[in-house]
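Structural overview for review
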Amino acid sequence: MMKIPFLDLGRQYADLHNEVDVAIKQVIADNAFVGGRYVDEFEHAFARFCGARHCVGVANGTDALFLALRGLGVGPGDEVIVPAFTFIASAEAVTLCGAKVVFADVDPSTYTLDVKSLSARITPATRAVVPVHLYGQPANMDGIMEVAARHGLVVVEDAAQAHGAAYNGRTVGSMGHAGCFSFYPGKNLGAYGDGGAVVTNDDKLARAVRQIANHGRSDKYNHDIEGVNSRLDGLQAAILSVKLARLLDWNAARRAHAGSYTASLSGTGVVTPMDVPGTVPVYHLYVIRTRAEARGQLIAFLQSHGISTGIHYPVALPNLRAYSYLEHSPGDFPEATRAAAEVLSLPMFAELTDEELGHVCNRLSEFASSQSVAQINA
Ligand SMILES: *Cc1c(COP(=O)(O)O)cnc(C)c1O
């Protein structure tokens, strides 16, 4: 039986191993382990890629969000609005800088921050908003920036799933006061370990993030403030530079795969990702939705045909035990709660073959035709 993994990083390495192995050897020969020219080179290349003036490499995506918020002066007494449906790191970063997490609901067709819900959650204590470009789909940045400007909020984009996605001609991460990226291995641009970056057009913020991330240093043993240790290492930076040169091609392959899935699912009752005019999504994940009752059956059916799937994410953040202190009930965020019960992520990575895509599409059609549209339709 054909086995189709959810993600196979081995295939990418098989394509790149010559360049990656040379890059690793160079970093070791140069003793450029922390900071140094490989980090500088990657930071310049990634800033250019995002259309931003600055890029500061940091240890991971969670730290990127925390450092951007802290660098913008967000701290105790402040409230920060985060979508109720995202990975927990989007909210953890707020707590890490001492501010209070305030959730807002998501738009059911894009799974990104709902602008009406955002407006409704603003109080005099609100200082910032963290739109998340979930699954590689750009959030409604025009609407969010307009509300933020009206209320004097800073905007920190969580672009951890959206390297290279575009919104009305602008690359995500470059529209807010800061854009935050993760280079966790499975992301569209992934290191061989943890890594992250903050991009910004604000010179002062770039300096602040760099200083906080490096023990608050002004020079080697002079420290203006207490910071943290959150730096991108040379090995990861050198590997990321090799991979960055391929990212546009990989993103294009993901979009083509998404097109195949969407075409083969039309008319089946399975809800496919929305194509928002003016955006170029990068399909970190290809997420369908079905009625909650059908989802379990579909997962088991695909698994029985060797096809792995995932759920991103099975519990909306306000419904997690970690946020029970906010005393929400599932009805407070109906769209996030419902999405958590209905979404299903199909295999998605650039190296999927036509044969594999065909197999997944055929099995999906087979499942759909064994059910009525009403049984499946979410
Ligand atoms: C991966 C991810 C993060 C955190 O990145 P790490 O590098 O794992 O710390 C933050 N937000 C979202 C939406 C993510 O997917």
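A few points on the structure. (Residues numbered from 1 in each chain as written. Predicted model: local features only at pLDDT ≥ 70, side-chain atom pairs only at ≥ 80, totals over all residues. Heavy atoms only, no water.)

**With respect to the packing of aromatic side chains**
A ring pair, where both rings are aromatic, is described by two values, the distance of the centres and the angle of the planes. Here the structure, examined in full by the defined rule, presents 15 aromatic pairs. Centre to centre, the rings of Phe-46 and Phe-181 are 4.9 Å apart; their planes meet at 90°, and the pair counts as edge-to-face. Here Phe-181 lies in strand E8 (residues 178-182) and Phe-46 lies in helix H2 (residues 37-50), a separation of 135 residues in the sequence. For Phe-46, a relative accessible area of 0% corresponds to the buried category. Summarising the aromatic geometry, the rings of Tyr-261 and Tyr-286 are spaced 4.8 Å apart at their centres and angled 35° between planes, so their arrangement reads as tilted. Of this pair, Tyr-261 sits in helix H9 (residues 247-265) while Tyr-286 sits in strand E13 (residues 286-289); the two residues are 25 residues apart in sequence, bridging distant segments of the chain. Accessibility assignment for this pair places Tyr-261 and Tyr-286 in one class, buried. (Phe/Tyr/Trp six-rings, centres within 6.5 Å; stacked < 30°, edge-to-face > 60°. Helix = DSSP H or I, 4+ residues; strand = E, 2+ residues; numbered from the N terminus. Buried < 20%, exposed > 50% of the residue type's maximum accessible area, 1.4 Å probe, protein only.)

**A short note on the side chain of Ser-174**
As for its placement among the helices and strands, Ser-174 is situated in the loop between strand E7 (170-171) and E8. Within polar-contact distance, the side chain of Ser-174 engages the backbone oxygen of Thr-171 at 2.6 Å. Excluding residues within four positions of it along the chain, Ser-174 makes contact with Cys-50, Gly-51, Glu-157 and Asn-201. (Polar contact = N/O pair within 3.5 Å; in protein donor to acceptor, adjacent residues only side chain to side chain. Contact = heavy atoms within 4.5 Å.)

**What about unusual backbone geometry?**
Note on backbone geometry: most residues besides glycine have negative phi, and most peptide bonds are trans. In this chain, His-312 is followed by Tyr-313 through a cis amide linkage whose omega measures 10°. For Tyr-135, which is not a glycine, the phi torsion comes out positive at approximately 65°. Among the secondary structure elements, Tyr-135 is positioned in the loop between strand E4 (126-129) and helix H6 (141-151). On the basis of relative accessible area, Tyr-135 is assigned to the buried category, the value being 6%.

**Focus on the nonpolar core**
Counting residues in each nonpolar core, the largest one holds 52 residues, and the members touching the most others are Phe-42, Phe-46, Phe-183 and Leu-189. Among the secondary structure elements, those contributing two or more residues to this core are helix H1 (9-29), H2, strand E3 (100-104), helix H5 (115-120), H6, strand E9 (196-200), helix H8 (234-244) and H9. Per element, the largest residue contribution to this core is seven residues, and it comes from H2. Once residues within four sequence positions are removed from consideration, Leu-189 is found in contact with Phe-42, Phe-46, His-163, Ser-182, Phe-183, Tyr-184, Leu-240, Lys-243, Leu-244 and Leu-247. Grouped together as the second largest cluster of nonpolar side chains are 50 residues, Val-74, Phe-85, Val-287 and Ala-336 included. (Core = buried A, V, L, I, M, F, W, Y, C linked by side-chain atoms within 4.5 Å.)

**Re the sheet that holds strand E12 (residues 279-280)**
Pairing within the open sheet is antiparallel, and its three strands lie in the order E7-E6-E12. Both outer strands of the open sheet, E7 and E12, are each paired with one neighbouring strand and no more. Pairing of strand E6 (residues 166-167) with E7 involves two bridges; the strand directions are antiparallel. Residue Tyr-167 lies in a different strand from E7, and its bridge partner there is Arg-170. (Pairing = 2+ DSSP bridges.)

**Describing the pattern of salt bridges**
Throughout the structure, instances matching the rule amount to 13 salt bridges. Salt-bridge contacts for Arg-37 lead to Glu-41; the nearest nitrogen and oxygen are separated by 3.3 Å. Of this pair, Arg-37 and Glu-41 both sit in helix H2, four residues apart, which is roughly one turn of that helix. Relative accessible area serves as the criterion here: at 41%, Glu-41 is assigned to the partly exposed category. Taking the shortest distance from any N to any O, the salt bridge between Glu-146 and Arg-150 comes out at 3.2 Å. With Glu-146 and Arg-150 both in helix H6 and four residues apart, this pair spans about one turn of that helix. In this structure, a network of salt bridges that share partners links the residues Asp-8, Arg-11 and Glu-356. (Salt bridge = Lys/Arg side-chain N within 4 Å of Asp/Glu carboxyl O.)

**Notes on the sheet that holds strand E1 (residues 54-58)**
Ordered in space as E1-E9-E8-E5-E4-E2-E3, the seven strands form an open sheet in which the pairing is mixed. Each edge of the open sheet is held by one strand with a lone partner, namely E1 and E3. Looking at each pair of strands side by side, their axes are set apart by 25° on average, direction ignored. Sheet strands touched by H2: E1, E8 and E9. Its angle to E1, the strand with the most contacts, is close to 125°. Sheet contacts for helix H3 (residues 61-71): E1, strand E2 (79-83), E4, strand E5 (154-158), E8 and E9; angle to E8, the most-contacted strand, approximately 160°. (Axes fitted to C-alpha atoms, helices over the stretch in contact; angles between N-to-C directions.)

**Points about the layout of surface pockets**
As a volume, the largest pocket reaches approximately 490 Å³. Around the largest pocket sit 26 residues that line it, and Phe-87, Gln-161, Tyr-184, Lys-187 and Tyr-313 are the ones nearest its centre. Contributing elements (two or more residues each) for the lining of the largest pocket: H3 and helix H4 (89-96). Considering each element in turn, the lining of the largest pocket owes the most residues, three residues, to H3. Classifying every residue of the lining of the largest pocket by side-chain character gives twelve nonpolar, ten polar and four charged. (1 Å grid on protein atoms, 1.4 Å probe; cavity = no way out; pocket = protein on both sides within 12 Å on 5 of 7 lines; lining within 4 Å. Points joined across faces, edges and corners; volume = space filled by probe spheres on them. Nonpolar A, V, L, I, M, F, W, Y, C, P; charged D, E, K, R; others polar.)

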